[in-house]
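# Reading the structure
The residues making up each chain are set out below.
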Amino acid sequence: MTRHGFRGYITLDSSNTLFVPKYRGMSAINANNGNVIWTSGIEVIGTPAIGNNNDVIVCDNNYYLHSLNRVTGGQNWIKGSFNCKITITNSGDILALSNGLVLINSKNGIVKWKYTPQWMTIPGDVNLSNKAPVIARDGTIYVAVSNNGFGSGGIEAVSYTHLRAHETVLDL
């Protein structure tokens, strides 16, 4: 079976539902039979992420995050403005980029904390890249940084211990 008009990366959840970004919205499709379960008019950019609260997290073309019910497609909440590369934590929260790292409660969209690395407060050409943060088993968060596309970039490693941030930068 071929379907036209899809774009971006698809995501498959544990109930065998595909979440497929399209040019004019997003569809949830039963992977077993190809039937469309629901369609949303949200123009999704980036890859849908499966949350722990029976939700799917997507980013629209205006860089707003949306939490949608995986079964019905109904909107739980909307929050903006973020880089559309997100990571779901083990606890189900959303780690996003927005002039630093932001942790968002996936149940209600409320920001739990925001961390701006010290190097981001200095005017210059270094900024966060267009890549999703990665969380290691020990809780260290890694974020790629770039030099606005010129020269070297690096990796920002942020470790959260007792709600206190410690940072190191690894040059590449």
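Presented here is an overview of the structure given in this document. Remember, it's a predicted structure, so these values are computed and weren't measured experimentally.

What counts, and at which threshold
- Residues numbered from 1 in each chain as written.
- Predicted model: local features only at pLDDT ≥ 70, side-chain atom pairs only at ≥ 80, totals over all residues.
- Heavy atoms only, no water.
- Helix = DSSP H or I, 4+ residues; strand = E, 2+ residues; numbered from the N terminus.
- Buried < 20%, exposed > 50% of the residue type's maximum accessible area, 1.4 Å probe, protein only.
- Contact = heavy atoms within 4.5 Å.
- Areas by Shrake-Rupley, 256 points an atom, 1.4 Å probe, with all protein chains shown as cover.
- Salt bridge = Lys/Arg side-chain N within 4 Å of Asp/Glu carboxyl O.
- Core = buried A, V, L, I, M, F, W, Y, C linked by side-chain atoms within 4.5 Å.
- Pairing = 2+ DSSP bridges.
- Polar contact = N/O pair within 3.5 Å; in protein donor to acceptor, adjacent residues only side chain to side chain.
- Axes fitted to C-alpha atoms, helices over the stretch in contact; angles between N-to-C directions.

### Observations concerning the overall build of the chain
Across its full length, the chain carries zero helices and 17 strands. Scored against the burial criterion, the 172 residues of the chain give a buried share of 40%. Sequence separation of at least 24 residues holds for 29% of the intrachain contacts in the chain that already meet a minimum separation of 6. When the accessible surface of the chain is split by element, carbon and sulfur atoms take 50% of a total near 9,700 Å².

### Here's the deal with the pattern of salt bridges
One pass over the structure, following the stated rule, counts two salt bridges. We note a salt bridge from Arg70 to Asp13, for which the minimum N-O separation is 3.8 Å. Remark: Asp13 occurs in the loop between β1 (11-12) and β2 (17-22) and Arg70 occurs in the loop between β7 (64-69) and β8 (75-80); sequence separation between them is 57 residues. Of the two residues, Arg70 and Asp13, neither departs from the other in class, the shared state being buried. Of the charged contacts, one joins Asp93 and Lys112 as a salt bridge, the two residues approaching to 2.6 Å between their closest N and O atoms. Here Lys112 lies in strand β12 (residues 111-115) and Asp93 lies in the loop between β9 (87-88) and β10 (94-97), a separation of 19 residues in the sequence.

### Here's the deal with the environment of Ile141
Among the secondary structure elements, Ile141 is positioned in strand β15 (residues 141-146). Distance in space between the C-alpha atoms of Ile141 and Leu101 is 9.3 Å, their sequence separation being 40 residues.

### Some remarks on the nonpolar core
Ranked by size, the top nonpolar core spans twelve residues in total: Ala49, Ile57, Cys59, Leu65, Trp77, Phe82, Cys84, Ile86, Ile94, Ala96, Val102 and Ile104. Within the residue set of this core, elements represented by two or more residues are β6 (55-60), β10 and β11 (101-104). When residues no more than four places from it in sequence are discounted, the contact partners of Val102 are Phe82, Ile94, Leu95, Ala96, Val111, Trp113 and Lys114. Ranked by size, the runner-up nonpolar core spans nine residues in total, among them Phe19, Met26, Ala28 and Trp38.

### Points about the pairing of strand β4 (residues 36-40)
Successive side chains on a regular strand alternate, one facing one side of the sheet and the next facing the other. Here four bridges tie strand β3 (residues 25-30) to β4, and the two strands are oriented antiparallel to one another. Bridge pairing links Ser27 to Thr39 in β4. The turn linking β3 back onto β4 is made up of five residues, and Gly34 within it adopts a positive phi angle of 80°.

### Some details on the sheet that holds β3
Spatially, the four strands line up as an open sheet ordered β1-β2-β3-β4, and their pairing is antiparallel. Whereas interior strands pair on both sides, the edge strands pair on one side only; in this sheet they are β1 and β4.

### Brief notes about the side chain of Ser67
Here Ser67 is to be found in strand β7. Residue Ser67 is classed as buried on the basis of its relative accessible area, which comes to 1%. Within the structure, Ser67 has its side chain in polar contact with the side chain of Asp55 (distance 3.2 Å). Leave out the neighbours within four places in its chain, and Ser67 touches Asp55, Val56, Ile57, Gly74, Gln75, Asn76, Trp77 and Ser106.

### Let's talk about the sheet that holds strand β5 (residues 44-50)
Think of a sheet as strands paired side by side through backbone hydrogen bonds, with each pair either parallel or antiparallel. Judged by pairing direction, the sheet is antiparallel, and its four strands sit side by side in the order β5-β6-β7-β8 without closing on themselves. Looking at which strands have only one partner, the edges of the open sheet turn out to be β5 and β8. The sheet shows a mean angle of 20° between the axes of neighbouring strands, taken without regard to direction. Sheet topology places β6 next to β7; five bridges connect them, and they run antiparallel.

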